[in-house]
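Chain residues, written in single-letter form:
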Amino acid sequence: MPASTNKWILSGSQLSPFHLKVAALLKFKGIPFKDYPGEGGFWGNLKISARVLLLKAGVIKLTYPKFTKLDEFPLVPFLFGPNGENLYDSSAIATWLDNNLAKPGREVVNPSDDEKVNFVIQLVDEYFDEFGLYMVHHARWKMSAADNTAGMRLAQEMSSLIGPLQGKVATGFSARQVRRCPYLFSVAPQGYQQEGLPRDRQPPSRKGFPATHNLLEKSYLNILQALEPIFSTRPFLLGQRFTLADASLYGQLGMNLTDPSAANWIKDNAPAVYAWLLRIHEGDFSTHKDAGELMVDDSLQSLLKEISGTFYSLMKQNELAYVQHTNAGETLFNEKAYWKRRSLFNGELDGQPFRSVVKTFQVKTWRNLKQLWQGLNRDSQSQLVERFPAIDPGK
């Protein structure tokens, strides 16, 4: 079906990596949209806020995807269409757009006739959505704790709704995001203090939770070092076409472009990656070729090694903990359980201990990825394992 001439509404915040990811997909596909709340106005934002609440309450129906017991509605983003479409979850939105508003050569989820390419695209997407989020949230609220302006920018986006409350919203949002750091895997050592920061901006520790700052910063650096030679030699992650993997990568790392210290750290360690992020941020897809080549080659070795070493390990431990807790009768998971100290589990990544709460949406992600792998033919599996020995999520 052709794209409507009416604009879609992307409801969320430019502070969110998932919002940035969907915005990049819409720009790439040439789908006109309005970016709320910044472009909304008072009544427009009030109407969309009510629509989100009704959607979460089940009063109005989701268009896609189907909501399951493992799902959790995100704070943002939601995508609303001119014909009553109600979409959530950035990767699911990409699938729906491909299936309903795709132009030839602009498919992003399964753009290749090679199923190995399509598997790697979705693997990279899930990695950045789940583990990449931890790295970039940490970079904003620890590495850029002294100079990020996230709270103020959110308040400016919401100015049509909150009016003179902008200062309180800015302060409250920043304090909230800092408190959530351990839930998002960023745990400071006991007694950690950054000089000059107010108390509500200090990266927090949590009793019984091992420190993870070094783990996240090492993983982030590993990713930058893996990506740098790729973007030094080709326009997109897998070759000549923009895919869901690129959108997810941009959404997460692109979030830190507006965090001065974190942005400078990316630029210093990976200048080609930084330049690529800026191009996507500006909506420049001029190097994309609709019929361009996509490949899974040796340039991805370091990236896929890092993914299998961190993401795979964390997802396995999270799923095992979910099974153990549900078998014991536990019913509360995700952030609500975190604050009540329920559904917690201890684990280890790259030789470093951690403590986390079971996240049901990551159980779903992991099971879907394993199912996707199992759906590949044996030759494809063998060829991938031969080149990337740890890529099999079932091992």
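Quick caveat: nothing in here was measured; it's all calculated off a predicted structure. (Residues numbered from 1 in each chain as written. Predicted model: local features only at pLDDT ≥ 70, side-chain atom pairs only at ≥ 80, totals over all residues. Heavy atoms only, no water.)

Caption draft 1: Representation of the nonpolar core. Core analysis: the biggest nonpolar cluster contains 91 residues, and Phe119, Val120, Leu227, Leu237, Phe242, Leu253 and Ile391 have the highest contact counts within it. Considering each element in turn, this core owes the most residues, 15 residues, to helix 4 (residues 115-143). If you look at the next biggest cluster of nonpolar residues, it comprises 13 residues, including Leu10, Leu26, Ile31 and Trp96. (Core = buried A, V, L, I, M, F, W, Y, C linked by side-chain atoms within 4.5 Å. Buried < 20%, exposed > 50% of the residue type's maximum accessible area, 1.4 Å probe, protein only. Helix = DSSP H or I, 4+ residues; strand = E, 2+ residues; numbered from the N terminus.)

Caption draft 2: Geometry of the pairing of strand 5 (residues 344-349). The sheet contact formed by strand 5 and strand 6 (residues 352-357) spans six bridges and is antiparallel. Bridging from a neighbouring strand, Asn346 pairs with Arg355 of strand 6. Where strand 5 hands over to strand 6, the hairpin turn is made up of two residues, of which Asp350 adopts a positive phi near 50°. (Pairing = 2+ DSSP bridges.)

Caption draft 3: How the structure looks around the sheet that holds strand 4 (residues 86-88). Taking strand neighbours across the sheet as the criterion, the four strands line up as 2-1-3-4 in an open arrangement whose pairing is mixed. A strand with exactly one partner marks an edge of an open sheet, and here the two such strands are strand 2 (33-36) and strand 4. Between one strand axis and the next, the sheet turns by 20° as a mean value, whatever way the strands run. When strand 3 (residues 78-80) meets strand 4, the two strands line up antiparallel, connected through three bridges. Of the residues in strand 4, the one forming a bridge with Leu79 is Leu87. (Axes fitted to C-alpha atoms, helices over the stretch in contact; angles between N-to-C directions.)

Caption draft 4: Quick peek at the confidence of the model for the protein. Averaged over all residues, the pLDDT of the protein is 96; the fraction at 70 or higher stands at 99%. Every residue in residues 1-5 is under pLDDT 50, and counting partners more than four places away or in other chains gives eight contacts. (pLDDT = per-residue confidence, 0-100. Contact = heavy atoms within 4.5 Å.)

Caption draft 5: Expanded view of the side chain of Arg180. Secondary-structure assignment places Arg180 in the loop between helix 7 (166-179) and helix 8 (213-231). The contacts of Arg180, once residues within four sequence positions are left out, are Glu335 and Trp339.

Caption draft 6: View of the packing of helix 1 (residues 17-29) against helix 9 (residues 244-255). Following both chains from N to C, one finds helix 1 and helix 9 inclined at 135°, their axes separated by 8 Å at the closest point. Relative to helix 9, the element helix 1 is oriented oblique. Note on packing geometry: the crossing formed by helix 1 with helix 9 is right-handed. Packed against helix 1, whose contacting residues are Pro17, Phe18, Leu20, Lys21, Ala24 and Leu25, the element helix 9 presents Leu244, Ala247, Ser248, Tyr250, Gly251, Gln252, Gly254 and Met255 at the interface. In terms of residue class, the contact of helix 1 with helix 9 is built from nine nonpolar, four polar and one charged. (Parallel < 35°, antiparallel > 145°, perpendicular 65-115°, else oblique. Left-handed = near helix turned anticlockwise from the far one by under 90°. Nonpolar A, V, L, I, M, F, W, Y, C, P; charged D, E, K, R; others polar.)

Caption draft 7: Seen up close, the packing of aromatic side chains. As enumerated under the stated definition, the model contains 31 aromatic pairs in all. With a centroid separation of 6.0 Å and an interplanar angle of 85°, the aromatic rings of Phe209 and Tyr338 are classed as edge-to-face. Within this pair, whereas Phe209 is found in the loop between helix 7 and helix 8, its partner Tyr338 is found in helix 13 (residues 334-339), the two being separated by 129 residues in sequence. On the basis of relative accessibility, which here comes to 5%, the residue Phe209 falls in the buried class. Using a relative accessible area of 2% as the deciding quantity, one classes Tyr338 as buried. Where Tyr338 meets Trp339, the ring centres are 4.8 Å apart and the plane angle is 75°; that geometry is what we call edge-to-face. Judged by its relative accessible area of 42%, Trp339 is partly exposed. Put simply, the rings of Tyr127, Phe128, Phe131, Tyr134, Phe185, Phe311, Tyr312, Phe345, Phe354 and Trp366 pair up and form one aromatic cluster. Just above the ring of Tyr338 sits the side chain of Arg206; from NZ or CZ to the centre is 4.1 Å. The positively charged end of Lys359 is found above the aromatic ring belonging to Tyr183, 4.4 Å away from the centroid. (Phe/Tyr/Trp six-rings, centres within 6.5 Å; stacked < 30°, edge-to-face > 60°. Lys NZ or Arg CZ within 6 Å of the ring centre and 35° of its normal.)

Caption draft 8: A nonpolar patch on the surface, seen in detail. On the surface, Phe42, Trp43 and Leu46 cluster together into a nonpolar patch covering about 350 Å² of accessible area. Positionally, Phe42 belongs in helix 2 (residues 42-56). Accessibility expressed as a relative area gives 36% for Phe42, which makes it partly exposed. (Patch = residues over 30% accessible without salt bridge, like charges linked within 9 Å, V, L, I, M, F, W, Y side chains within 5 Å. Areas by Shrake-Rupley, 256 points an atom, 1.4 Å probe, with all protein chains shown as cover. Salt bridge = Lys/Arg side-chain N within 4 Å of Asp/Glu carboxyl O.)

Caption draft 9: Broad picture of the pairing of strand 1 (residues 8-11). Of the two faces of strand 1, the one lined by Trp8 and Leu10 and the one lined by Ile9 and Ser11 are each fully buried. In the sheet, strand 1 pairs with strand 2 via four bridges, with the strands oriented parallel. Bridge pairing links Trp8 to Phe33 in strand 2. Each parallel crossover has a hand, and for strand 1 linked through helix 1 to strand 2 it is right-handed. (Right-handed = clockwise from strand over helix to strand, strands pointing away.)

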